[in-house]
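Each chain, letter by letter, is given below.
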Amino acid sequence: MSNQPSQNGGLQDNSLVKLVILDPSDRSREILRNQVLGISKLWLESECTKYEVLGGVLASQSAPDIVSVALDANLEKALEAISLVAQKYPQTAVLAVSIQQDGQAVLRALRAGAREFLTIPSSEEELMEVLGRLLKSHSPGISTLPGRPKKSMTISIIGSRGGVGCTGIAVNLGATLAIDPENRVVLADLDLVLGDADVALDLKADYTIGDLAANVDKLDLTFLNRSLSKHGTGLYLLPHPVNVGEATQIEEIHLERILALLRASHTHLILDLSKGFRPTDLAALHASDVILVVVQLELSSLHNAVRLLAALHADPVLGTRIKVILNRVGMITDITQAKAVQLIGEFSWEIPNDHKTLMDSRNKGIPLCSLAPDSKVQQSFKGLAQMITGKTPDKPAAKSFWQSLFSKA
Ligand SMILES: Nc1ncnc2c1ncn2[C@@H]1O[C@H](COP(=O)(O)OP(=O)(O)OP(=O)(O)O)[C@@H](O)[C@H]1O
Ligand SMILES: [Mg+2]
């Protein structure tokens, strides 16, 4: 199920690294582009297809962290471009790239100011190693990029059937985290067709995730932050597209880039996923640090939970991120909690049933931390936030159930 590179090379903090590719050759430009698009920490700022335009491109935007310059199309022009970057933009590192292994050309590129050289196509490991070395030698330029929180946590919420309580958890968890002034929290509604996080927060947004995906090539931190709507609690919202048709235009590659930028400017990302296990949901799961699987004591929810958890635990990486949340505890039901534990293992957290308070909150568009801060259900959301952010310990039994099942297999 993995669609993300596992290694991080030297890209070890949460900074987003901005890259410009300069390469007149469609073939080699495409090779490098496809490789870097798979690395969530890299932000492909722009691609230049002519050596002559690089100066203008760099003058029109904030200096990138790395410029890759292809040597093959015209070595003399490539060397001029490298010198220009080295002299005018000392905080930008130049990576010389070439399909050929011409030692003389590489030497001249390094003398002109290139920091590293990469033969393409390269393995993912080689690319990550080179990028890591480049960034180490240019760390001051990266650490001074504005508005970057030190750490960011991405939390996906996925349901075991419709109406199981995902959006309620996303909104209330997000708002609970957002009232802490040290946090900058964004909720992205990835239930792209039927989402209703905007309704739950009573926000009318000017922009949606559909606008960001449609303009993904022009997307930068300024554009992204202007597109978010802010709730009174401090929670930012990136709503689902207005038109249902737009949802089908959003692909994993768009989402990966949007999430990378959101991570660069927020401490917490809450992702309210669809129930369709779509490619965008999978991309979100792979980008997450924590996956909350929401369950109720009800037959179809538990039945689906078994299937969903089996699929997630089959992936060794995703399996370690899962926390199963039991919602609406106390609701009248034929299935006991003990039976549910037998089926799917211990729950990491339990949220009490409180239909009246939740309904009131949804109808007014006010999260519980503002509307009913002392209610038992809000206290539960607060505890959930603390458990996820590591302020209280997780139940060890919740982890061992599926791990032991899969280790026997
Ligand atoms: N702990 C709870 N106690 C009582 N009612 C709840 C609780 N959690 C959710 N609900 C109610 O369940 C209904 C569905 O909740 P919600 O919209 O959050 O679920 P969902 O999984 O996002 O649904 P969908 O599949 O439509 O996206 C809402 O009416 C909500 O008020
Ligand atoms: Mg929902």
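If you're wondering where the values come from, they're calculated on a predicted model, not measured in any experiment.

Visitor: It is not clear to me how the overall build of the protein should be interpreted in this structure. Could you clarify?
Guide: Across its full length, the protein holds 20 helices and 13 strands. A buried classification covers 53% of the 409 residues belonging to the protein. Within the protein, counting contacts between residues at least 6 apart in sequence, those at least 24 apart form 76% of the total. Accessible surface, the protein as shown: approximately 18,200 Å² in total, 52% of it carbon and sulfur.

Visitor: Could you clarify how one ought to interpret the pairing of strand 3 (residues 66-70) in this entry?
Guide: In terms of burial, strand 3 is a largely internal element, five of the five residues being buried. Both faces of strand 3 are covered, namely the face carrying Ile66, Ser68 and Ala70 and the face carrying Val67 and Val69. Across four bridges, strand 1 (residues 17-22) lies against strand 3 in parallel orientation. Directly across from Val20, in strand 3, lies its bridge partner Val67. Where strand 3 and strand 4 (residues 93-98) come together, five bridges link them in parallel fashion. Opposite Val69, over in strand 4, you have Ala96 as the bridge partner. Crossover handedness for the path strand 3 to helix 3 (residues 75-88) to strand 4: right-handed.

Visitor: Hey, could you run me through the confidence of the model for the protein in this one?
Guide: When pLDDT drops low, the exact placement of atoms in the prediction is not to be read closely. With 89% of its residues at a pLDDT of 70 or more, the protein shows a mean pLDDT of 87. This model gives residues 1-14 a pLDDT under 50, and the stretch forms 41 contacts once residues within four places in sequence are excluded. In this model residues 139-150 is a low-confidence stretch, pLDDT under 50, and it forms 22 contacts with partners more than four residues away in sequence or in other chains.

Visitor: Help me understand the site of ligand 1 in this model?
Guide: Gly163, Thr167, Gly168, Asn327 and Asp354 are the nearest of the 19 residues found near ligand 1. Between ligand 1 and the protein, one listed contact pairs an oxygen atom with a backbone N or O atom of Cys166 at 3.0 Å. Between ligand 1 and Thr167, the relevant distance is 2.8 Å, taken from an oxygen atom to a side-chain nitrogen or oxygen of the residue. If ligand 1 stood free it would expose 630 Å²; the protein chains cover 84% of that surface. With four residues, the single largest contributor to the shell around ligand 1 is helix 17 (residues 355-364). Of the residues that constitute the shell around ligand 1, the class distribution is six nonpolar, eight polar and five charged.

Visitor: Just to check I follow, could you spell out the nonpolar core for this structure?
Guide: In summary, soluble globular proteins display a tendency toward joint burial of nonpolar side chains. Grouped together as the largest cluster of nonpolar side chains are 51 residues, with contacts concentrated most on Leu219, Ile258, Leu262, Val293, Val295 and Ile344. By residue number, the principal contributor to this core is helix 12 (residues 252-265), which donates seven residues. Core analysis: the second largest hydrophobic core is formed by 33 residues, Cys166, Val185, Ile351 and Val377 among them.

Visitor: Would you take a moment to explain the pattern of salt bridges for this structure?
Guide: Where charged atoms from two side chains of opposite charge come close, those side chains can pair. Per the counting criterion, the structure on display carries 10 salt bridges. Residue Glu47 is joined to Arg29 by a salt bridge in which the shortest nitrogen-to-oxygen separation is 3.3 Å. In this pair, Glu47 is assigned in strand 2 (residues 42-48) and Arg29 in helix 1 (residues 26-37), connecting sequence segments 18 residues apart. For Glu47, a relative accessible area of 31% gives the class partly exposed.

Visitor: Can you help me understand the sheet that holds strand 11 (residues 290-295) in this one?
Guide: Strand pairing in a sheet relies on backbone hydrogen bonds. The paired strands run either parallel or antiparallel. Sheet architecture is open: eight strands sit in the order 8-9-7-10-6-11-12-13, paired in mixed fashion. The sheet is open, and its two borders are formed by strand 8 (229-230) and strand 13 (349-352), each paired with just one other strand. Here three bridges tie strand 12 (residues 322-329) to strand 13, and the two strands are oriented parallel to one another. If you follow Leu326 over to strand 13, its bridge partner there is Glu350. Most of the contacts of helix 12 go to strand 10 (residues 268-273), to which it runs at about 150 degrees, and overall it touches strand 6 (153-159), strand 7 (185-190), strand 9 (236-238) and strand 10.

Visitor: Explain the sheet that holds strand 3 here, please?
Guide: Spatially, the five strands line up as an open sheet ordered 2-1-3-4-5, and their pairing is parallel. Strand pairing shows two members of the sheet lacking a second neighbour, strand 2 and strand 5 (116-119), which therefore form its edges. This sheet shows a mean twist of 25 degrees between the axes of neighbouring strands, independent of strand direction. Lying over the sheet, helix 1 contacts strand 1, strand 2, strand 3, strand 4 and strand 5, oriented at roughly 160 degrees with respect to strand 2.

Visitor: What is the right way to read the pairing of strand 5 from this model?
Guide: Side-chain positions along a regular strand alternate between the two faces of the sheet. Only one face of strand 5 is buried, namely the one carrying Glu116 and Leu118, since none of Phe117 and Thr119 on the opposite face is buried. Of the pairings in the sheet, the one linking strand 4 to strand 5 comprises four bridges and is parallel in character. What sits directly across from Val97, in strand 5, is Leu118. Considered for its hand, the β-α-β crossover made up of strand 4, helix 4 (residues 103-112) and strand 5 is right-handed.

Visitor: It is not clear to me how the packing of helix 12 against helix 13 (residues 279-286) should be interpreted in this structure. Could you clarify?
Guide: The relative placement of two packed helices is expressed as an angle between their axes plus a distance between the axes. At a minimum axis separation of 9 Å, helix 12 and helix 13 run at an interaxial angle of 35 degrees. The chirality of how helix 12 crosses helix 13 is right-handed. In contact with Glu252, Leu255, Glu256 and Leu259 of helix 12, helix 13 contributes Pro279, Thr280, Ala283 and Ala284. When grouped by side-chain class, the residues that make up the contact of helix 12 with helix 13 number five nonpolar, one polar and two charged.

Rules behind the numbers
- Sequence order as written defines the numbering, with residues in each chain counted from 1.
- Throughout, the order in which chains and ligands are written sets their labels, letters from A for the former and numbers from 1 for the latter.
- Given that the model is predicted, a residue must reach a pLDDT of at least 70 before its local features are reported, and side-chain atom pairs must reach 80 or more before they are shown or counted; all residues, however, enter totals for whole chains, interfaces and linings.
- Excluded from the side-chain calculations are hydrogens and water; all other atoms, namely the structure's heavy atoms, are used.
- Starting at the N terminus, helices and strands are each numbered in turn, a helix being any DSSP run of H or I of at least four residues and a strand any DSSP run of E of at least two.
- Relative accessibility under 20% of the residue-type maximum defines a buried residue, over 50% an exposed one, and the middle range a partly exposed one, all with a 1.4 Å probe and only protein chains included.
- Contacts are assigned to residue pairs that have any heavy atoms within 4.5 Å of one another.
- Areas reported as accessible are Shrake-Rupley estimates using a 1.4 Å probe. Residue values count occlusion only from the protein chains shown.
- A pair of strands is considered paired only if DSSP assigns at least 2 bridges between the two.
- With the strands aimed away from the viewer, a crossover counts as right-handed if its path from the first strand over the helix to the second runs clockwise.
- Known as pLDDT, the predictor's per-residue confidence is scaled from 0 to 100.
- Proximity criterion: a residue is near a molecule or strand once any of its heavy atoms comes within 4 Å of it.
- In protein, a polar contact requires one atom able to donate a hydrogen and another able to accept it; more generally it is a pair of N or O atoms within 3.5 Å, and residues adjacent in sequence count only if both atoms are side-chain atoms.
- For this classification, the nonpolar set comprises Ala, Val, Leu, Ile, Met, Phe, Trp, Tyr, Cys and Pro, the charged set comprises Asp, Glu, Lys and Arg, and every other residue, Gly included, is treated as polar.
- Put simply, a nonpolar core is a bunch of buried Ala, Val, Leu, Ile, Met, Phe, Trp, Tyr and Cys residues held in one set by side-chain atoms that sit within 4.5 Å of each other.
- The term salt bridge refers to a pairing of a side-chain nitrogen on Lys or Arg with a carboxyl oxygen on Asp or Glu at a separation within 4 Å.
- Angles here are taken between N-to-C directions and fall from 0 to 180 degrees, while the axes themselves are lines fitted to C-alpha atoms, restricted in helices to the stretch in contact.
- Note: crossing handedness is left-handed where the near helix turns anticlockwise from the far helix by less than a right angle, and right-handed where it turns clockwise.

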